[in-house]
Amino acid sequence: MQQSNVYIITFSVILTVVLGLLLSGTSQVLGPLQKESIALDKKKQILGAVISGEEIDAMSPEQINAFYANRISSVVVDINGKEVTEQAGAPVNAENVDIAKNYKKPADQRLFPVFIFHAEGDNEAVESYIFPLYGAGLWDAIWGFIALDTDMNTVGGITLAHAGETPGLGARITEPGVQERYTGKEIFDQNGELVAIQMQKGEGKDYSSDPHKVDGMSGATITGNGVNAMLQNYLGYYKSFIESKKNSQAVAEAL
């Protein structure tokens with residue numbers, strides 16, 4: 001029996017409303033869980049610049065949150081290295097700064113989070129400063145966090161991630177073996193110029209004697225170039241903050 005147009009329209013409206021309510025309810029339930037998952041993943045990436053992936057993998061989410069709360073503090077600075085505590089009348093929190101959204105703004109309008117890794121049991125003792133990174137790979141965004149020792153020159157560690165690099169090629173930036181190549185490298189040359197660290201084309205050469213170069217990834221030159229540009233750009237954005245810390249340390253050592 002053929003249904004009337006009124007019946008079909010009524011049925012469609014009811015179905016649309018019911019499905020809409022179901023989707024809305026699901027979003028309300030899953031939304032907080034998704035935010036918690038994103039926040040936890042960010043903490044793991046930040047911590048990955050200063051402790052090993054094995055240590056992080058051995059922790060439960062509760063342990064990661066507790067470790068982060070006990071060992072990490074944070075500030076937000078501008079392009080001139082000056083601390084920013086509020087924007088448009090609202091408080092600024094480093095953990096809530098969206099690096100991807102800031103990336104679309106001119107550098108002098110961005111907020112730059114700095115995460116500070118403290119010694120266990122001593123919130124006054126700083127072991128590392130951790131800086132976010134963001135850029136473009138071959139196919140999509142790449143990002144990460146780089147830790148500098150308190151000399152504000154030596155790399156203590158780095159984490160790198162990507163949205164869509166080629167498996168087995170550019171996607172290798174997430175491999176511990178690739179990331180470990182940066183540990184111990186230096187971002188300033190002997191003249192005090194910021195030169196960052198350059199991943200080289202090709203793979204298999206020894207750059208252990210060069211403080212500013214790391215071995216590359218075979219077949220992933222464009223991704224490597226993206227990592228190089230990302231490091232050069234973001235260390236440049238943080239240069240004023242980094243140099244202010246170096247100067248403060250020099251003054252303290254002279255006293």
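Residues numbered from 1 in each chain as written. Predicted model: local features only at pLDDT ≥ 70, side-chain atom pairs only at ≥ 80, totals over all residues. Heavy atoms only, no water.

## Some words on the pairing of strand β5 (residues 122-136)
Then comes step 1: Across five bridges, strand β4 (residues 112-119) lies against β5 in antiparallel orientation. Opposite Ile-116, over in β5, you have Tyr-129 as the bridge partner.
Then comes step 2: Connecting the antiparallel pair β4 and β5 is a turn made up of two residues, with Gly-121 showing a positive phi of about 80 degrees.
Then comes step 3: Direction of pairing for β5 relative to strand β6 (residues 141-149): antiparallel, over a ladder of nine bridges. Note that in β6 the partner of Tyr-129 across the bridge is Leu-148.
Then comes step 4: Hairpin connection between β5 and β6: a loop of four residues separates the two successive antiparallel strands. (Pairing = 2+ DSSP bridges. Helix = DSSP H or I, 4+ residues; strand = E, 2+ residues; numbered from the N terminus.)

## With respect to the side chain of Thr-159
Then comes step 1: Within the fold, Thr-159 resides in strand β7 (residues 155-162).
Then comes step 2: Within polar-contact distance, the side chain of Thr-159 engages the backbone oxygen of Gln-45 at 3.0 Å.
Then comes step 3: Discounting residues that sit within four places of it in the chain, Thr-159 has contacts with Gln-45, Gly-48, Ala-49, Trp-143, Gly-144, Phe-145 and Gln-179. (Polar contact = N/O pair within 3.5 Å; in protein donor to acceptor, adjacent residues only side chain to side chain. Contact = heavy atoms within 4.5 Å.)

## Overview of the packing of aromatic side chains
Then comes step 1: Under the defined criterion, the tally for this structure stands at nine aromatic pairs.
Then comes step 2: Ring pairing ties together the aromatic residues Phe-112, Tyr-129, Phe-131, Tyr-234, Tyr-237, Tyr-238 and Phe-241, which thus form one cluster.
Then comes step 3: Over the ring of Phe-188 we find Lys-246; its NZ or CZ atom is 4.0 Å from the centre of that ring. (Phe/Tyr/Trp six-rings, centres within 6.5 Å; stacked < 30°, edge-to-face > 60°. Lys NZ or Arg CZ within 6 Å of the ring centre and 35° of its normal.)

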